[in-house]
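Here is how the chains run, residue by residue.
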2 protein chains.
Amino acid sequence: MTDGIVFERMALIGIGNLGSSIARAVRERGLVGTIAVADFSDRALARAAELGLGDSYDESPAEAVKDADLVVICTPIGTYGAIAEGIAPHLKPGAVLTDVGSVKQAVISAVQPHVPDGVHFIPGHPIAGTEKSGPDAGSGALFEGRFWILTPLEGTAPEPLARLETLWTRCGALVEELPAAYHDKVLAVTSHLPHLIAYTIVGTAFDLEEQEQRDVIRFSAGGFRDFTRIAGSNPIMWRDIFLNNREAVLEMLQRFSEDLSYLQRAIRWGEGDKLQELFTKTREIRRGVIEANQARPFPYGTSGNGNGK
Amino acid sequence: MTDGIVFERMALIGIGNLGSSIARAVRERGLVGTIAVADFSDRALARAAELGLGDSYDESPAEAVKDADLVVICTPIGTYGAIAEGIAPHLKPGAVLTDVGSVKQAVISAVQPHVPDGVHFIPGHPIAGTEKSGPDAGSGALFEGRFWILTPLEGTAPEPLARLETLWTRCGALVEELPAAYHDKVLAVTSHLPHLIAYTIVGTAFDLEEQEQRDVIRFSAGGFRDFTRIAGSNPIMWRDIFLNNREAVLEMLQRFSEDLSYLQRAIRWGEGDKLQELFTKTREIRRGVIEANQARPFPYGTSGNGNGK
Ligand SMILES: NC(=O)c1ccc[n+]([C@@H]2O[C@H](COP(=O)([O-])OP(=O)(O)OC[C@H]3O[C@@H](n4cnc5c(N)ncnc54)[C@H](OP(=O)(O)O)[C@@H]3O)[C@@H](O)[C@H]2O)c1
Ligand SMILES: NC(=O)c1ccc[n+]([C@@H]2O[C@H](COP(=O)([O-])OP(=O)(O)OC[C@H]3O[C@@H](n4cnc5c(N)ncnc54)[C@H](OP(=O)(O)O)[C@@H]3O)[C@@H](O)[C@H]2O)c1
C-alpha cells in the first residue's frame, strides 16, 4: 500500500479545523475514493461544499456513515457518545471507526459501548492543529512531520490497524501507538496544562482596568502574546478536553501549583540562587526539545524566534 | 536629525543579545560616530571584536565611558548599581546615560544616586529580544516595529531626551514614555508572569520520570514547546528581573493563582459553563492583540501559527 487508495469510502463527522484538514490531506494525495461529510452546522456544511471538501454532505452522521469503510469523528469530544450511539446501527461490518479527539480514555468509555461487533474501533489523536476553527482553518499539510498517536484497544485486529496507520503515514504523519492512560497523562503535561495556564493568565489580564488592559495588549510582545494565541483556541473543544481528562489535568495542576508556590516564596524572600538553579535546569529541557526536532528535520510550527521581551 | 550621526561617541556596557543588537542597529544605519564596548566576559569581548561590533574593547566600563556622549548599560540588572558607581567619576558632563533593563523602578533606585550633576540619566526598555544570549544572538533589525519604552525622571532636560528618542526611532523602534511604576506593573503581566509560569511548567515536567519526560519532549508540539522556548531564556537575567520587580510580580501572581484555583475547582466539579465562559472571554483579548498588530503592520515576532495541538 505505498500508493493508490487506502480506503474506498470515508465518512468525516465534523468538518472543522481537523476534519477539513483530513479531507484535504487525503484528497490531495488520492488516498480515498469518496468522502461523505456530516456536520451539525449548516454553515460548515455549506462552506465545505463550496471548498469541494467532500462528495456528499449531510446533517445526519447516520446518513454519512452508510457504506463507509472508514469513519473519522472530528467533533468536540463531548459529542462523541451521542454520535457513536446514533451511527452504530448504520456502520458497515468490517468498517474502521476512529477519531482525532485530544483525550483518549474518556473517548473510549463514551464510544466503545456502542460499537457493534465486526466494526474496528481504533482511537487516535494527531498532535497537530491550530487555534483556529471551521472548514477554512484546515490545511492538507497539517500532519506532515507531526506525530499521530493511536491507542488501540486490546485485541484490535492487525489488518485494519495497519491500514489506518498507512493512511495517516501517507498523509505525512509519524504514527505511534501508546496506551490510552499514558497518552492522557503525557498530553496533560504537553498540551492541556499549558492551555489551562494560558487561559488563566489571559483571563487575569482581562480583569485589569481598561487602560492597563490596553497597554498589556500593546506591549504583549514580551511573552504574553504567545499565551494569547493559545488562549484564543476553541472554547467548546477545550471545555470538553478539561472535563474529559479531569484526573490527569488535576494531578499535573497540583504539581504545578506546588512548584509555583516554591518560586513565589523564593521571590518573596529574595532567594536568587533557587531561581537561578531552576532557570538553568529548564534550559536543559529546552535543549532536549530542540534536539528532538533537529533529529527529525521537519517543521513543527513556525513559533520559535524573534518575540520581544 | 532625520539623517546623519545622532551621538558622536557611544559606550555599550555589556555586548550580549541586547548590546550587540544595538551596536549592529546603529552601525548599519550610521547613527553614531564610534562605539566603545565594555564587557566582563573576555569571550564576549573577543567575539564582539571578531564581529567588528565596536571600535574599542575594554574589560573596564570606566575606561569605555570616557568621552562618551551616550552610555547604554546592557547587562543583567543586578549589576547596574556597581556599574553606575564605577563609571560615575568618568562620565563626561552633558552625556546621556541610559539602559535596556526589563525593570525600571529598581534600576532607577540602583543607578540614580550615582549619577553626577550634568549627566542625563534616562532609563529605557526595548520590548524586543529573544531567549538567546551573547554577541552572536543580536540582530540589527531587532527593534524594527517594536516599542521602546523610556521612563524619564522628573525634570529631565528636553534636548537629551529628544536626541535619545531620535536614536531609537531611527533604529526602527516606536518610542513611548511611561511612568516607571506603571511600566513595571504592565510588564509584570506581559512578560514577567508569563516567564515565571513557563519556567514553572517546564520545571514541573523536569520532575517526571525519565520515560515520561522523554515523551513530553517528543510530543511537545501541543503547546508545551512554546513554553520551553520562553523557559530557555537567560537564567541570570531572569533571576534579576524577578528579584527586582518583586512587588508587581507577586501581586500579579496572587491574582493568577486565585484565577487558577477557580478553574481548578470548575474542572473538579465538572462545571463546563464556567470554563466555556472564560475561554470565550479570553478570545476577545486575543482579538485585541491581533487587531493591535494589524493596525501597525510590522513583524512582532514570527510566532503565530501551525503549532500542533
Ligand atoms: N484544533 C486542534 O488543534 C486539534 C488538534 C488535535 C485534535 N483536535 C480534536 O479535534 C476535534 C475537533 O476540533 P476542531 O479544531 O476541528 O474543531 P472545529 O474547527 O470547531 O470543528 C468541529 C466541527 O464539528 C461540528 N460539530 C459539533 N458538534 C457536532 C455534532 N454533534 N455532530 C456533528 N458535527 C458537530 C462543529 O459545528 P459547530 O461549529 O456548529 O459547533 C464544527 O463544524 C476535537 O475533538 C479536538 O479535541 C483538535
Ligand atoms: N534578552 C531579552 O529578550 C531582553 C529584552 C529586553 C531587555 N533585556 C535586558 O537586557 C539586558 C541584557 O540582556 P541580554 O539578553 O543582552 O543578556 P546577555 O546576552 O547575557 O548579555 C549580557 C552581557 O553582559 C555581560 N556582563 C554581565 N555582568 C557584567 C558586568 N558587571 N559588567 C560588564 N559586563 C557584564 C555578560 O557577560 P557574561 O556572559 O560573562 O555574564 C554578557 O556578555 C538585561 O538587563 C535585560 O533585562 C533583555
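Residues numbered from 1 in each chain as written. Chains lettered and ligands numbered in written order. Predicted model: local features only at pLDDT ≥ 70, side-chain atom pairs only at ≥ 80, totals over all residues. Heavy atoms only, no water.

All names here are of chain A. In terms of domain boundaries, chain A breaks down into domain 1 (7–178) and domain 2 (182–295). Computed over C-alpha atoms, the centres of domain 1 and domain 2 are 30 Å apart. Taken together, the 16 residues of domain 1 in the interface contact 15 residues of domain 2. Of all residues in domain 1, the largest losses of buried area upon contact with domain 2 belong to Ser102, Val103 and Glu131, amounting jointly to 38% of the total for that side. Summed over the shared surface of domain 1 and domain 2, the number is one salt bridge. For Glu131, the salt bridge identified is with Arg229, shortest N-O distance 3.6 Å. Seen at the junction of domain 1 and domain 2, the total is six residue pairs in polar contact (both at pLDDT 80 or more). When the residues that make up the side of domain 1 that touches domain 2 are grouped by side-chain class, the tally is seven nonpolar, seven polar and two charged. (Domains from an automatic or database assignment. Contact = heavy atoms within 4.5 Å. Buried area = accessible area lost by both parts, 1.4 Å probe. Salt bridge = Lys/Arg side-chain N within 4 Å of Asp/Glu carboxyl O. Polar contact = N/O pair within 3.5 Å; in protein donor to acceptor, adjacent residues only side chain to side chain. Nonpolar A, V, L, I, M, F, W, Y, C, P; charged D, E, K, R; others polar.)

So, on to helix H7 (residues 180–206) of chain A. Since there are 3.6 residues in each turn of an α-helix, residues three or four apart along the chain are aligned in direction. At Ala188 of chain A, H7 of chain A shows its strongest bend, of approximately 55 degrees. Of all 27 residues making up H7 of chain A, 25 are buried, and the element is well covered by its neighbours. (Bend = angle between axes of the 7 residues up to and from the residue. Helix = DSSP H or I, 4+ residues; strand = E, 2+ residues; numbered from the N terminus. Buried < 20%, exposed > 50% of the residue type's maximum accessible area, 1.4 Å probe, protein only.)

This part takes up the pairing of strand S9 (residues 174–177) of chain B. In this sheet, S9 of chain B lies alongside strand S8 (residues 147–150) of chain B in parallel orientation, the contact comprising four bridges. By the bridge assignment for S9 of chain B, Leu150 of chain B is matched with Glu177 of chain B. (Pairing = 2+ DSSP bridges.)

Okay, helix H2 (residues 42–51) of chain B next. All names here are of chain B. Considered for burial, the residues of H2 that qualify are Ala44, Leu45 and Ala48. The buried residues of H2 occupy an angular sector of 100 degrees when projected down its axis, which confines them to one face. Turned more than 90 degrees off the buried face of H2, the exposed positions are Arg43 and Glu50. Check the buried side of H2 and you find it contacts strand S2 (32–38) and strand S3 (56–58). After H2 finishes, the residue Gly52 shows a positive phi value of roughly 65 degrees. (Arc of directions from axis to C-beta.)

Once that is clear, we can look at the packing of aromatic side chains. A ring pair, where both rings are aromatic, is described by two values, the distance of the centres and the angle of the planes. Counting across every chain of the model gives 13 aromatic pairs over all chains. For the pair Phe147 of chain A and Phe219 of chain B, a centre-to-centre distance of 4.9 Å together with 85 degrees between the ring planes defines the contact as edge-to-face. Residue Phe147 of chain A is found in strand S8 (residues 147–150), and its partner Phe219 of chain B is found in the loop between helix H8 (210–218) and helix H9 (224–230); the two belong to separate chains. Owing to a relative accessible area of 2%, Phe147 of chain A belongs among the buried residues under this scheme. Ring centres 5.7 Å apart and planes at 40 degrees place the aromatic pair Trp238 of chain B and Phe242 of chain B in the tilted group. Separated by four residues within a single helix, Trp238 of chain B and Phe242 of chain B lie in helix H10 (residues 235–244), roughly one turn from each other. Aromatic ring contacts, followed pair by pair, group Tyr199, Trp238 and Phe242 of chain A together with Phe279 of chain B into a single cluster. Across from the ring centre of Phe7 of chain A, 5.8 Å away, lies the NZ or CZ of Arg163 of chain A, which sits over that ring. (Phe/Tyr/Trp six-rings, centres within 6.5 Å; stacked < 30°, edge-to-face > 60°. Lys NZ or Arg CZ within 6 Å of the ring centre and 35° of its normal.)

All right, on to the packing of helix H11 (residues 246–268) of chain A against helix H11 (residues 246–268) of chain B then. At a closest axis distance of 11 Å, the pairing of H11 of chain A and H11 of chain B adopts a crossing angle of 165 degrees. As far as their axial angle goes, H11 of chain B and H11 of chain A are roughly antiparallel. Between H11 of chain A and H11 of chain B the crossing geometry is left-handed. Within the contact between the two elements, H11 of chain A uses Arg246, Val249, Leu250, Leu253, Gln254, Phe256, Ser257, Leu260, Gln264, Ile267 and Arg268 of chain A and H11 of chain B uses Arg246, Val249, Leu250, Leu253, Gln254, Phe256, Ser257, Leu260, Gln264, Ile267 and Arg268 of chain B. Of the residues that constitute the contact of H11 of chain A with H11 of chain B, the class distribution is twelve nonpolar, six polar and four charged. (Axes fitted to C-alpha atoms, helices over the stretch in contact; angles between N-to-C directions. Parallel < 35°, antiparallel > 145°, perpendicular 65-115°, else oblique. Left-handed = near helix turned anticlockwise from the far one by under 90°.)

So, on to the sheet that holds strand S3 (residues 56–58) of chain A. All names here are of chain A. With parallel pairing, six strands are arranged side by side in an open sheet as S3-S2-S1-S4-S5-S6. What marks the edges here is a single partner per strand, and that holds for S3 and strand S6 (120–122). Pairs of neighbouring strands in the sheet enclose a mean axial angle of 20 degrees, with direction left out of account. Relative to strand S4 (residues 70–73), strand S1 (residues 7–13) runs parallel, the two being bridged by four bridges. The partner of Ala11 across the bridge, within S4, is Val71. Sheet strands in contact with helix H4 (residues 80–87) are S1, S4 and strand S5 (96–99), and its direction is about 155 degrees off that of S4. Against the sheet, helix H6 (residues 158–170) engages S1, strand S2 (32–38), S4, S5 and S6, with an angle of about 75 degrees to S1.

What follows deals with the interface of chain A and chain B. Between chain A and chain B, the residue contacts involve 109 residues of the former and 108 residues of the latter. The junction of chain A with chain B conceals about 10,700 Å² of combined surface from both sides, 64% of it contributed by carbon and sulfur atoms. On inspection of chain A and its partner chain B, the count reaches eight salt bridges. Notably, a salt bridge pairs Asp226 of chain B with Arg229 of chain A, separated by 2.4 Å at the nearest N-O pair. The tally of links between chain A and chain B comes to 28 residue pairs in polar contact (both at pLDDT 80 or more). If you list the elements that add at least two residues to the side of chain A that touches chain B, you get strand S7 (124–126), S8, H7, helix H8 (210–218), helix H9 (224–230), helix H10 (235–244), H11 and helix H12 (272–295) of chain A. Looking at which element gives the most residues to the side of chain A that touches chain B, the answer is H7 of chain A, with 19 residues.

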